[in-house]
Amino acid sequence: NEFKLLLSKAASIGHPDSLFLQGHCHYSGSDGYDQNYRKALENFVEAAEGGHVDAMVSAGALLHRGVRSEDVSSGNGAVVERDQRKAFE
């Protein structure tokens, strides 16, 4: 998939918009990416560190809510611990 290849390349060099978009692809399991909430959070945090405001909100929402193992339908064990302190940093 050309989209995934180009997005992964841009995200790998730290482009904040690409990291944010890749995070959403991991979150929803779309555009050739497997659903993986941990990877989504990693992408959102890295994009947020690059100044991406929407990524800050997405990372905060994931941390505020958390993702339990029973919520993960893919069975990949990608769980995000609820962390209220980090959610509001």
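Preceding block: the structure.
Residues numbered from 1 in each chain as written. Predicted model: local features only at pLDDT ≥ 70, side-chain atom pairs only at ≥ 80, totals over all residues. Heavy atoms only, no water.

Asks: Just checking my understanding: could you explain the packing of aromatic side chains for this structure?
Replies: According to the stated counting rule, one finds two aromatic pairs in the structure shown. The interplanar angle of 45 degrees and the centroid separation of 5.8 Å between the aromatic rings of Phe20 and Phe44 together place this pair among those described as tilted. Taken as a pair, Phe20 in helix α2 (residues 16-28) and Phe44 in helix α3 (residues 37-49) lie far apart in primary sequence, 24 residues in all. Here Phe20 matches Phe44 in class, with each residue buried. Ring centres 5.2 Å apart and planes at 75 degrees place the aromatic pair Tyr27 and Tyr37 in the edge-to-face group. One end of the pair, Tyr27, is in helix α2; the other, Tyr37, is in helix α3, with ten residues separating them in the sequence. Residue placement shows Lys4 over the ring face of Tyr33; its charged tip is 5.0 Å from the ring centre. (Phe/Tyr/Trp six-rings, centres within 6.5 Å; stacked < 30°, edge-to-face > 60°. Helix = DSSP H or I, 4+ residues; strand = E, 2+ residues; numbered from the N terminus. Buried < 20%, exposed > 50% of the residue type's maximum accessible area, 1.4 Å probe, protein only. Lys NZ or Arg CZ within 6 Å of the ring centre and 35° of its normal.)

Asks: So what exactly am I meant to see when it comes to the packing of helix α1 (residues 2-12) against α2 here?
Replies: Between two packed helices, both the angle of their axes relative to each other and the distance between the axes serve to describe the pair. In contact at an axis separation of 8 Å, α1 and α2 are set at 130 degrees when each is read in the N-to-C sense. Considering the angle they form, α1 stands oblique to α2. Once α1 is placed against α2, the crossing between them reads as left-handed. In contact with Phe3, Leu7, Ser8, Ala10 and Ala11 of α1, α2 contributes Ser18, Leu19, Leu21, Gln22 and Cys25. Here the contact of α1 with α2 is built from residues that sort into seven nonpolar, three polar and no charged. (Axes fitted to C-alpha atoms, helices over the stretch in contact; angles between N-to-C directions. Parallel < 35°, antiparallel > 145°, perpendicular 65-115°, else oblique. Left-handed = near helix turned anticlockwise from the far one by under 90°. Contact = heavy atoms within 4.5 Å. Nonpolar A, V, L, I, M, F, W, Y, C, P; charged D, E, K, R; others polar.)

Asks: Please clarify how unusual backbone geometry should be interpreted in this entry.
Replies: The bulk of non-glycine residues show a negative phi, and the bulk of peptide bonds are trans. The backbone of Asp31 shows a phi angle near 55 degrees, a positive value even though the residue is not glycine. Among the secondary structure elements, Asp31 is positioned in the loop between α2 and α3.

Asks: When you look at α2 in this model, what are you seeing that I'm missing?
Replies: Its 13 residues place the ends of α2 18 Å apart at the C-alpha level, agreeing with the 18 Å of an ideal helix rising 1.5 Å per residue. Within α2, burial applies to Ser18, Leu19, Phe20, Gln22, Gly23, Cys25 and His26. Of the surrounding secondary structure, the elements contacted by the buried residues of α2 are α1, α3 and α4 (53-65). One or two residues past the end of α2 sits Gly29, with phi positive at roughly 65 degrees. (Expected span 1.5 Å × (residues − 1).)

These values are about where atoms sit, not about what they do.
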